[in-house]
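These are the residues of each chain, in order.
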Amino acid sequence: MKFIFFDIECAGVRKTYAKICVFGYVLCDEKFNIIEKQDLLINPLGRFELTDRKGEKGIVLPYEYGIFKKQPTFPKVYNRIKELLEDKDTCVWGHAVLNDVKYLNLECKRFKLPSFNFRFADSQLVFMSLVNDFSHQFGLEHIAAELGVEFTPHRAVDDAYATMRIVEAMCRNRKCGIGELCSSIGFTYGKIENYSVSRPQSKGFKSFKKAGREAKMARSDARVKFYNNLSRKRFKRGGKLKGEIYCFSRTIEDDVATSISLVDKIYALGGKYSAHVDDCRYYVCPEGDETDRTKKAVAAQKTILYLTEFTEMFND
């Protein structure tokens, strides 16, 4: 079995195109001995758009941009890339590889070429599964530093080489081969076929996504209970709160055991509640809360009350 690690750089990516300008790859055997290592430079047939739509977050590719006009277009290198990735004796790897596979898909559609058809693995997902942390994306540079791998970022062939060395380091740390490494985390390959792309999975990642879905449903159910209760409230004139309007952070709203009780007391004392920050005078949140709604309340110079002092106020 051979392994190919690849990385793609694009001159610009939008919903309908990905102007691939570099396809870098490293082909190796099961012991990570390099068989072939190369950057395929490609004429993207368009200008370089290396920033987001606001003109920010730009990257600088370590190439002379003028040389790309002299390179073959994607249709000219399509067969070579297809041979590399669809070889039945070769296992395909990348880092955050789902994006690169989607770029290939977009270029095939752009030039009306047949879809690629291969399975692929993701070194990022494998690393996240091993450390059991799916809370954020781990970049190639971060993992490389963690595992002592040096490389030049955004040079496609070097990114591919670093990906190989990362997988090698994970195998070495676990004292196993790539197959055993994948089996240990319940890994399943992603696939591209007929322009349809499915992502790689692992047992831990599936559990993380399931927990996320359940938490989202619980928040939704809590929000329904909270606002159903709120809809039944009627303003009481003459209370101590004198019609003052309060608003809670989302985290407090979602804790219905706390939020419903507090809203009941607000209305019992002649106050009101609004889900809109702009309408309130007092904004209640946990100490240290930095959610968007809380940031909006601070920016609007609302009177901020922390949950502990707000609860104590009612107890008094």
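1. Topic: the overall build of the protein chain
Then, number 1: Helix and strand content of the protein chain: 11 helices and 11 strands.
Then, number 2: Its C-alpha radius of gyration of 27 Å places the protein chain more than 25% over the 20 Å reference for a compact globule of 316 residues.
Then, number 3: A principal-axis box enclosing the C-alpha atoms of the protein chain has dimensions of 80 × 45 × 35 Å.
Then, number 4: Burial status across the protein chain gives 44% buried among its 316 residues.
Then, number 5: Long-range pairs, those at least 24 residues apart, make up 67% of the contacts in the protein chain with a sequence separation of at least 6.
Then, number 6: As displayed, the protein chain has an accessible area near 17,300 Å², and 48% of this comes from carbon and sulfur atoms.
Then, number 7: Distance between charge centroids for the protein chain: 7 Å, based on 52 positive and 42 negative side chains.

2. Focus on the sheet that holds strand β10 (residues 282-285)
Then, number 1: Across the sheet, 4 strands lie side by side as β9-β8-β10-β11; this open sheet has parallel pairing. Each edge of the open sheet carries a strand with a single partner, namely β9 (272-273) and β11 (303-306).
Then, number 2: Against the sheet, helix α9 (residues 256-268) makes contact with β8 (245-248) and β9, and its axis sits at roughly 175° relative to β8, the strand it touches most.

3. Focus on the environment of H142
Then, number 1: Here H142 lies in helix α4 (residues 140-147).
Then, number 2: With 115 residues separating them in the primary sequence, H142 and A257 have C-alpha atoms 41 Å apart.

4. Some words on the side chain of N229
Then, number 1: The topology assignment puts N229 in helix α7 (residues 203-231).
Then, number 2: Setting aside residues up to four positions removed in sequence, N229 forms contacts with I260, V263 and D264.

5. Considerations on the packing of helix α1 (residues 74-86) against helix α2 (residues 97-110)
Then, number 1: It is at 11 Å that the axes of α1 and α2 come closest, and there the two elements cross at 135°. Comparing their axes, α2 and α1 come out oblique. The element α1 and its partner α2 pack so that their crossing is left-handed. For the pair formed by α1 and α2, the contact residues are F74, Y78, I81 and L85 on the first element and L104, E107 and C108 on the second.

6. Some details on the pattern of salt bridges
Then, number 1: One pass over the structure, following the stated rule, counts 16 salt bridges.
Then, number 2: Residue K82 is joined to E86 by a salt bridge in which the shortest nitrogen-to-oxygen separation is 2.8 Å. Of this pair, K82 and E86 are both found in helix α1, 4 residues apart, which corresponds to roughly one turn of the helix.
Then, number 3: For the salt bridge of R223 with D254, the shortest nitrogen-to-oxygen distance reads 2.8 Å. Residue R223 is located in helix α7, and its partner D254 is located in helix α8 (residues 250-254); the two are separated by 31 residues in the primary sequence.
Then, number 4: Residue R223 is classed as partly exposed on the basis of its relative accessible area of 27%.
Then, number 5: Residue class for D254 comes out buried when judged on its relative accessible area of 19%.
Then, number 6: Taken together, the shared-partner salt bridges connect K19, R47 and E49 into one network.

The rules behind the values
- Here the residue numbers are simple positions, counted from 1 along each chain's written sequence.
- Whole-chain, interface and lining totals are the exception, using all residues; otherwise, since this is a predicted model, local features are given only for residues with pLDDT of at least 70 and side-chain atom pairs are given and counted only at 80 or more.
- Side-chain numbers come from the whole structure's heavy atoms, not from hydrogens or water.
- Helical segments are the DSSP runs of H or I of at least four residues, strand segments are the runs of E of at least two, and each set is numbered from the N terminus.
- Each radius of gyration is computed over the set of C-alpha atoms, and the globule rule expresses the reference value as 2.2 Å times the number of residues to the power 0.38.
- Throughout this description, buried means an accessible area under 20% of the type-specific maximum (1.4 Å probe, protein chains only), exposed means over 50%, and partly exposed covers the range between.
- Contacts are assigned to residue pairs with any non-hydrogen atoms lying within 4.5 Å of each other.
- Here the open area of atoms and residues is found with the Shrake-Rupley method and a 1.4 Å probe, where only the protein chains shown may cover a residue.
- Counting rule applied: Lys, Arg positive; Asp, Glu negative; His and chain ends not counted.
- Charged side chains are reduced to one point each, which is NZ for Lys, CZ for Arg, CG for Asp and CD for Glu.
- Two strands pair under a simple rule: DSSP has to find at least two bridges between them.
- Axis definition: a line fitted to C-alpha atoms, over the contacting stretch in the case of helices. Angles run 0 to 180 degrees between N-to-C directions.
- Angle categories are assigned with fixed cut-offs, so that under 35 degrees is roughly parallel, over 145 is roughly antiparallel, 65 to 115 is roughly perpendicular, and the rest are oblique.
- In this scheme the crossing of two helices becomes right-handed for a clockwise turn of the near helix relative to the far one and left-handed for an anticlockwise turn of less than a right angle.
- We define a salt bridge as a side-chain nitrogen of Lys or Arg found within 4 Å of a carboxyl oxygen belonging to Asp or Glu.

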